[in-house]
Amino acid sequence: MLLDQKRVLITGGSRGIGKAIVERFAEEGAHVLFTYKSNMASALDIVEILSAKGYHVHTVKADVSQQEDCQALVKHVQDTFGGLDILVNNAGISDGGKALDDVTESDWDRVMDLNIKSIYFLIQAFLPYLRVDCSPETPKKVINIASIDGCGKINPFYNFAYGVSKAGLIQLGKHLGDSLAWEGIYINTISPGDFPTDLNRIARDYTEEMRNYIPGKRVGEKGNIAGAAIFLASDAGNYSVGS
């Protein structure tokens, strides 16, 4: 197993891309704790299904855009695992494709608070645990989930705050990756394209139409994104940093 007994925290794991990563990490032997914000029924179903297969999976409610929830999450990870090997920052939201004139300051702040601010401070909060027993030869891992919308690709379905937040997250990953690599904390970012999820409702509800905008003429499948995360989290990704 590629992640045998690795202690993993995944934010936003009750659906979509986060759920796919939770499932694949558990299958690879990781001990997984994932957060959900409101979808408790889905979160508990995931735990029940994976636990029945003999996997080690736990869940906890947390709004990681709130500092008090982040601090409580640190304590919960310590109580559950006694430490942390891998942090996957997946939780995120969109401004819903609103027109330029309709995006409010509250909309903008809500997206930035979750998609970039929370990730910075969550990494900061977990640094004492990630620093334990790590080195460039045996690194701890942080994987941030950004988006192709942050890579300079102009999406015909505009999400102004979302795209800016993901561009910022990509840059944040480069800076943090460079500053922490010498300690043995490797930070990388995955920027998914169009996956049919509750967050990307266009790809979910208009899959056939979306094919026309995608070079490969298909939307992503959960195994594509989970496989990329497995690579970075496992020993195979031990020479990747800041990507």
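Right, let's walk through the structure included here. (Residues numbered from 1 in each chain as written. Predicted model: local features only at pLDDT ≥ 70, side-chain atom pairs only at ≥ 80, totals over all residues. Heavy atoms only, no water.)

Quick word on helix α1 (residues 16–27)
Part 1 of the argument: Taking 1.5 Å of rise per residue, the 12 residues of α1 would be expected to cover 16 Å, and the 17 Å separating its terminal C-alpha atoms lies within 8% of that figure.
Part 2 of the argument: Buried within α1 we find I17, G18, A20, I21, V22, E23, F25 and A26.
Part 3 of the argument: One or two residues past the end of α1 sits G29, with phi positive at roughly 95°. (Helix = DSSP H or I, 4+ residues; strand = E, 2+ residues; numbered from the N terminus. Expected span 1.5 Å × (residues − 1). Buried < 20%, exposed > 50% of the residue type's maximum accessible area, 1.4 Å probe, protein only.)

Details of the packing of aromatic side chains
Part 1 of the argument: One pass over the structure, following the stated rule, counts 2 aromatic pairs.
Part 2 of the argument: The interplanar angle of 80° and the centroid separation of 5.1 Å between the aromatic rings of Y120 and F121 together place this pair among those described as edge-to-face. (Phe/Tyr/Trp six-rings, centres within 6.5 Å; stacked < 30°, edge-to-face > 60°.)

Structural notes on the nonpolar core
Part 1 of the argument: Counting 34 residues, the largest nonpolar core has L9, L87, F126 and I185 as the members making the most contacts within it.
Part 2 of the argument: When contributions to this core are tallied by element, the ones reaching two or more residues are α3 (67–81), α4 (105–130), α5 (160–180) and β6 (185–190).
Part 3 of the argument: Broken down by element, the residue count for this core peaks at 10 residues, all from α4.
Part 4 of the argument: Leave out the neighbours within four places in its chain, and I185 touches L127, L130, R131, C134, K140, V142 and L180.
Part 5 of the argument: If you look at the next biggest cluster of nonpolar residues, it comprises 28 residues, including Y36, I143, A229 and A233. (Core = buried A, V, L, I, M, F, W, Y, C linked by side-chain atoms within 4.5 Å. Contact = heavy atoms within 4.5 Å.)

Considering unusual backbone geometry
Part 1 of the argument: One non-glycine residue with positive phi stands out, namely Q5, at about 65°.
Part 2 of the argument: Mapping Q5 onto the fold places it in the segment before β1 (7–10).
Part 3 of the argument: Taking the relative accessible area as the measure of exposure, Q5 reaches 56% and is therefore exposed.
Part 4 of the argument: The phi torsion at D133 lies on the positive side, around 60°, for a residue other than glycine.
Part 5 of the argument: If you trace the backbone, D133 turns up in the loop between α4 and β5 (140–145).
Part 6 of the argument: Exposure remark for D133: the relative accessible area of 70% places this residue in the exposed category.

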